[in-house]
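Letter by letter, the chains look like this.
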Amino acid sequence: APSPPKTKFESVPAAQNETMRTAAVVTLVLSAVAGVLAPASADNGIPTTWQSNSGPAEVQYVEQPFTDDGGVQQVHVSLAPQSSTPGAVVVSFASSTQSDDAGVYYREDGDKEISFVSAKVTSYSHTTNENGGTYTSPYLYHALVEEVSTNCTLRYEPSLQSGQQPAELSRAVRVPPLASAFGGDPNQSMKLALIGDLGQTSNSMQTMDHLVQDEGIAALLVMGDLSYADNLDERWDNWGRLFEPVLDNTPLMALPGNHEIETDAKDGVSFRPYAHRFQNMPNCQNGCGGVDENGWEGEMWGSF
């Protein structure tokens, strides 16, 4: 079967999503991975290059071609609202380059002044049979951008150097409206996308393609089992690069599932790759973090 696209997401017809409205008029867009692709047809919403002429298409692991130039990779944005900073976001990225000056340049649409916020940096080692020994991660950076309005477009640029302001901020993410819990309009609508068991196969690509066709999504919630790396940590890196074209402009909120346990064969610590890669709520004060032996917290549950 022909290979799916490997560098960016192509436009495909939007799939019909089941919706549910709660009393708070929050629309939940359910975009679950089906496990198999539908039979080929002209109007079933599936890219023709991924359709099978003889029943369900084979599910293929999708590897993103990558040449390491020491720059920024695996960018994703998370929401990090608190009562005092309801528009706060976290910009996370990876690099094989270690830098004490890394951070994020940013400004809101309409502002001329560009600001900079420093990033925390970590890395981890993970010993598993699947890794064939001990894997060492790239450097993982997390920058908390607190001075952000709600209901605005935030333009930003991750950087490994604090003194090299870019002429243009090439990335942008939409910050949702003020939530009613923080004093926002309780009658406003907000659309969230919920996905579970995403993985990194041709089906995963189809699911994310459907997601990007649906306009106005405030955030993407992945309800566990993100990458299916399953102790093979290079697949965490591939997952981050594969879905960067979506996750650098659609806020991600992640929760761990059983596939994130990934217990280290050497010291017995679980959830280490997840905790280091997903610093979704660094300003959390209510115990939602899971802590590894180095004190790094991953979002084990969220509270807004």
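Preceding block: the structure.
Rules used throughout
Residues numbered from 1 in each chain as written. Predicted model: local features only at pLDDT ≥ 70, side-chain atom pairs only at ≥ 80, totals over all residues. Heavy atoms only, no water. Helix = DSSP H or I, 4+ residues; strand = E, 2+ residues; numbered from the N terminus. Buried < 20%, exposed > 50% of the residue type's maximum accessible area, 1.4 Å probe, protein only. Core = buried A, V, L, I, M, F, W, Y, C linked by side-chain atoms within 4.5 Å. Pairing = 2+ DSSP bridges. Axes fitted to C-alpha atoms, helices over the stretch in contact; angles between N-to-C directions. Phe/Tyr/Trp six-rings, centres within 6.5 Å; stacked < 30°, edge-to-face > 60°.

Asks: Any details on unusual backbone geometry? Residues and values, ideally.
Replies: A positive phi angle, close to 60°, is found at D225, a residue other than glycine. Within the fold, D225 resides in the loop between β14 (217-223) and α2 (234-242). One non-glycine residue with positive phi stands out, namely Y228, at about 55°. With relative accessibility at 29%, the residue Y228 sits in the partly exposed group.

Asks: Kindly report on the nonpolar core, identifying the contributing residues and their values.
Replies: By size, the foremost hydrophobic cluster in this structure holds 26 residues, and its most contacted members are M208, L220, L226, F243, L247 and F278. Contributions of two or more residues to this core are made by β13 (190-195), α1 (202-213), β14, α2, α3 (244-247) and β15 (252-255). In terms of nonpolar packing, the next biggest core, distinct from the first, is built from 25 residues, V91, A119, L154 and Y156 among them.

Asks: Can you explain the sheet that holds strand β4 (residues 89-95)? Please cite residues and give values.
Replies: Reading across from one edge, β3-β4-β10-β7 is the order of the four strands in this open sheet, with antiparallel pairing throughout. Among the strands making up the open sheet, the edge pair consists of β3 (73-79) and β7 (120-122). In this sheet, neighbouring strand axes are inclined to one another by 20° on average, regardless of whether the strands run parallel or antiparallel. Note: β3 against β4, five bridges, orientation antiparallel. Following the sheet pairing, L79 is matched in β4 by V89.

Asks: Quick one: what's the story with the packing of aromatic side chains, residue by residue and with numbers?
Replies: Each aromatic ring pair is described using two quantities: the centre-to-centre distance and the angle formed by the ring planes. Counted by the stated rule, this structure contains eight aromatic pairs. Ring centres 5.1 Å apart and planes at 15° place the aromatic pair F93 and Y141 in the stacked group. Within this pair, whereas F93 is found in strand β4, its partner Y141 is found in strand β10 (residues 139-145), the two being separated by 48 residues in sequence. Of the residues examined, F93 reaches a relative accessible area of 2% and is grouped as buried. Judged by centre distance (5.9 Å) and plane angle (50°), the ring pair of Y124 and Y135 falls under tilted.

Asks: Please give an account of the sheet that holds strand β12 (residues 171-175) that cites residues and values.
Replies: One open sheet holds the four strands; their spatial order is β6-β5-β11-β12, and the pairing between them is antiparallel. On the outer flanks of this sheet lie β6 (115-118) and β12, each paired with one strand and no other. With direction set aside, neighbouring strand axes in the sheet form an average angle of 30°. Two elements, strand β11 (residues 152-159) and β12, share five bridges in a ladder whose sense is antiparallel.

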